[in-house]
Amino acid sequence: MFTIDEFPDRTIAIDGKEYLYFGGTSYLGLQTDAEFQSIFINNIKKYGTAYSASRKSNIRISIFDEVDAYLAEIVGSEACVTMSSGYLAGQLVCNYFSQPGYQLYYAPHTHSALLRNQQEIFQSWTELENAIKQNSNKTAVLFLDSIDFHGDNYPDYNFLKNLPLQDVILVLDDSHGIGITGKNGGGSFRLLQSLQPKELLVSCSLGKGFGIQAGAIFSSKNMINALKNTQFFGGASPATPASLASIRDASSLIATKRIQLAENMDLFLKNVSGRSLFVYAEGHPTFNFQNEILANYLEEKGILVTNFRYPTENDSLMSRIVISASHTNEDILKLCTILNSYSSNP
């Protein structure tokens, strides 16, 4: 574990040594981009550094509804509501369905943002499919992640196609997809909607793809209105309006960054020879592995990657190479050279 005193960019200096950093979740590199920071600072001057009043207050700021509508258009949903974090967004949805009449099911590797109390997470899709098909008394609500880092869900979602989705409310955490995957960074909503579930809700963090501290939920107008009418929503402070405004105001920059990210992923895949070392999903910039020797080898060669146990110390080691829009061609080619050297002499 390393402790640093500034946001990790494409490089990190530790004890006087500079490392290339291929980790984290800043996929578009917005957090350290000078143009994005300028947009953000200008919005702070307009909206203030924070806004802690309820969105049910008698004085309301228009940017919330404007960005909700803007994000819904990108994603392809009827409606959207933003929250102060992706975790809170997931908890709002989970809390809403934790009532009589609903039976909650959790797919393998579902993120803790969608958990309430100690629900069972199924270890296999076959067991989950059998449990849902045997349920006849309550409305099934299925929770899962889009990017599960095991290659099971995005981009094909093949396991879902075996389920009676017309009878299932589908809840997806798209934190690692929104802003990155899908048409114009809209994530998986359109694809999952085409599978015609009984109801579809997508919750997510906006910090990974859009570089701001906020979360969002996408669904039908009726469902979003129902969520807004809960005590959970009314009692929570919203995301800072300056953050939300920066998503909209930086739309052209974000589109450019998404193109750069795609080019960087393409460069990596064309030049790395040991693809079999990794589990990855087409179109997503994360390359996952369970090989502590490889992680240590990369560190010795001046490359730091994501490498820790998550979400608790008792969970399995999570090792991941992350390509971002901020990486240069030279960064990526150096990484490929080191990985190719390891592959030829493991």
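## Structural notes on the overall build of the chain
At step 1: Counting its secondary structure elements, the chain contains 11 helices and 11 strands.
At step 2: On C-alpha atoms alone, the chain measures out to a radius of gyration of 21 Å, which is about the 20 Å that the 2.2 N^0.38 rule sets for 346 residues.
At step 3: Counting only C-alpha atoms and orienting by the principal axes, one finds that the chain spans roughly 55 × 55 × 35 Å.
At step 4: For the chain, the proportion of its 346 residues judged to be buried stands at 51%.

## Here we look at the nonpolar core
At step 1: Core analysis: the biggest nonpolar cluster contains 81 residues, and Leu-142, Leu-160, Leu-206, Phe-218, Phe-268 and Ile-321 have the highest contact counts within it.
At step 2: If sequence neighbours within four positions are ignored, Leu-206 has contacts with Leu-71, Thr-82, Gly-211, Ile-212, Ala-214, Gly-215, Ala-216, Leu-244 and Ile-247.
At step 3: Residues Met-83, Tyr-96, Ile-169 and Leu-227 belong to the second largest nonpolar core, which totals 23 residues.

## Some details on the sheet that holds strand β3 (residues 79–83)
At step 1: Strand order in the open sheet formed by 6 strands is β3-β8-β7-β6-β5-β4, and the pairing between neighbours is mixed. The two strands at the open ends of the sheet, each matched to only one other strand, are β3 and β4 (102–106). Across the sheet, the axes of successive neighbouring strands diverge by a mean angle of 20°, strand direction being ignored.
At step 2: Where β3 lies against strand β8 (residues 215–219), 5 bridges are found, and the strand directions are antiparallel. Each bridged residue has a counterpart across the sheet, and for Ala-79 the counterpart in β8 is Ser-219.
At step 3: Each of β3, β4, β5 (139–145), β6 (168–173), β7 (199–205) and β8 is contacted by helix α3 (residues 86–97), which is oriented at about 150° to β7, the strand it contacts most.
At step 4: On the sheet, helix α6 (residues 221–228) packs against β3, β7 and β8 and is oriented at approximately 135° with respect to β8.

## Details of the environment of Cys-80
At step 1: As for its position among the elements, Cys-80 is in strand β3.
At step 2: The sequence separation of Cys-80 and Gln-103 amounts to 23 residues, and the corresponding C-alpha distance is 24 Å.
At step 3: Leave out the neighbours within four places in its chain, and Cys-80 touches Asp-68, Leu-71, Ala-72, Ala-216, Ile-217, Phe-218 and Ile-224.

## What about the packing of aromatic side chains?
At step 1: The tally for this structure, following the rule as stated, stands at 12 aromatic pairs.
At step 2: For the pair Phe-268 and Phe-287, a centre-to-centre distance of 4.8 Å together with 55° between the ring planes defines the contact as tilted. Here Phe-268 is found in helix α9 (residues 251–271), whereas its partner Phe-287 is found in strand β9 (residues 286–289), with 19 residues between them in sequence.
At step 3: Overall, Phe-268 belongs to the buried group, its relative accessible area being 0%.
At step 4: By the ring-pair criterion, three or more aromatic residues cluster together here, those being Phe-268, Phe-278, Tyr-280, Phe-287 and Phe-289.
At step 5: A cation over a ring is seen here: Arg-320 above Phe-149, with NZ or CZ 3.5 Å from the ring centre.

## Focus on the environment of Ser-319
At step 1: Position of Ser-319 relative to the elements: it lies in strand β11 (residues 317–322).
At step 2: The class of Ser-319 is buried, set by a relative accessible area of 2%.
At step 3: The spatial distance from the C-alpha of Ser-319 to the C-alpha of Gly-48 is 38 Å, given a sequence separation of 271 residues.
At step 4: Residues contacting Ser-319, with those up to four places away along its chain left out, are Phe-287, Asn-288, Phe-289, Thr-306 and Asn-307.
At step 5: A distance of 2.6 Å separates a polar atom in the side chain of Ser-319 from a polar atom in the side chain of Asn-307.

## Regarding the packing of α3 against α6
At step 1: Contact pair α3 / α6: the axes reach a minimum separation of 11 Å and the direction vectors enclose 90°. Judged by the angle between their axes, α3 and α6 are roughly perpendicular. Contacts between α3 and α6 pair Leu-92, Val-93, Tyr-96 and Phe-97 from the former with Met-223, Ala-226 and Leu-227 from the latter.
At step 2: Looking at side-chain class alone, the contact of α3 with α6 contains 7 nonpolar, no polar and no charged residues.

## Quick notes on the pairing of β8
At step 1: Counted residue by residue, β8 has 5 buried out of 5 residues, so it is predominantly covered.
At step 2: Residues Gly-215, Ile-217 and Ser-219 line one face of β8 and the alternating positions Ala-216 and Phe-218 line the opposite face, and both faces are buried.
At step 3: With 4 bridges joining them, β7 and β8 adopt antiparallel strand pairing. Counterpart to Val-202 in the pairing with β8 is Phe-218.

## With respect to the side chain of Asp-148
At step 1: In this fold, Asp-148 is placed in the loop between β5 and β6.
At step 2: Within the structure, the side chain of Asp-148 is placed 3.3 Å from the backbone nitrogen of Asp-152, a separation counted as a polar contact.
At step 3: Asp-148 has contacts with His-109 and Asn-153, leaving out every residue within four places of it along the chain.

## Remarks on the packing of helix α10 (residues 292–300) against helix α11 (residues 329–344)
At step 1: Put simply, α10 and α11 touch, their axes get as near as 11 Å, and they point 135° apart. The angle between α10 and α11 falls in the class oblique. Crossing hand, α10 versus α11: right-handed. The segment α10 lies against α11, with Ile-293, Leu-294, Tyr-297 and Leu-298 engaging Leu-335, Ile-338, Leu-339, Ser-341 and Tyr-342.
At step 2: Split into classes, the residues belonging to the contact of α10 with α11 amount to 8 nonpolar, 1 polar and no charged.

Criteria and thresholds
- Residues numbered from 1 in each chain as written.
- Predicted model: local features only at pLDDT ≥ 70, side-chain atom pairs only at ≥ 80, totals over all residues.
- Heavy atoms only, no water.
- Helix = DSSP H or I, 4+ residues; strand = E, 2+ residues; numbered from the N terminus.
- Rg over C-alpha atoms; globule rule 2.2 N^0.38 Å.
- Buried < 20%, exposed > 50% of the residue type's maximum accessible area, 1.4 Å probe, protein only.
- Core = buried A, V, L, I, M, F, W, Y, C linked by side-chain atoms within 4.5 Å.
- Contact = heavy atoms within 4.5 Å.
- Pairing = 2+ DSSP bridges.
- Axes fitted to C-alpha atoms, helices over the stretch in contact; angles between N-to-C directions.
- Phe/Tyr/Trp six-rings, centres within 6.5 Å; stacked < 30°, edge-to-face > 60°.
- Lys NZ or Arg CZ within 6 Å of the ring centre and 35° of its normal.
- Polar contact = N/O pair within 3.5 Å; in protein donor to acceptor, adjacent residues only side chain to side chain.
- Parallel < 35°, antiparallel > 145°, perpendicular 65-115°, else oblique.
- Nonpolar A, V, L, I, M, F, W, Y, C, P; charged D, E, K, R; others polar.
- Left-handed = near helix turned anticlockwise from the far one by under 90°.

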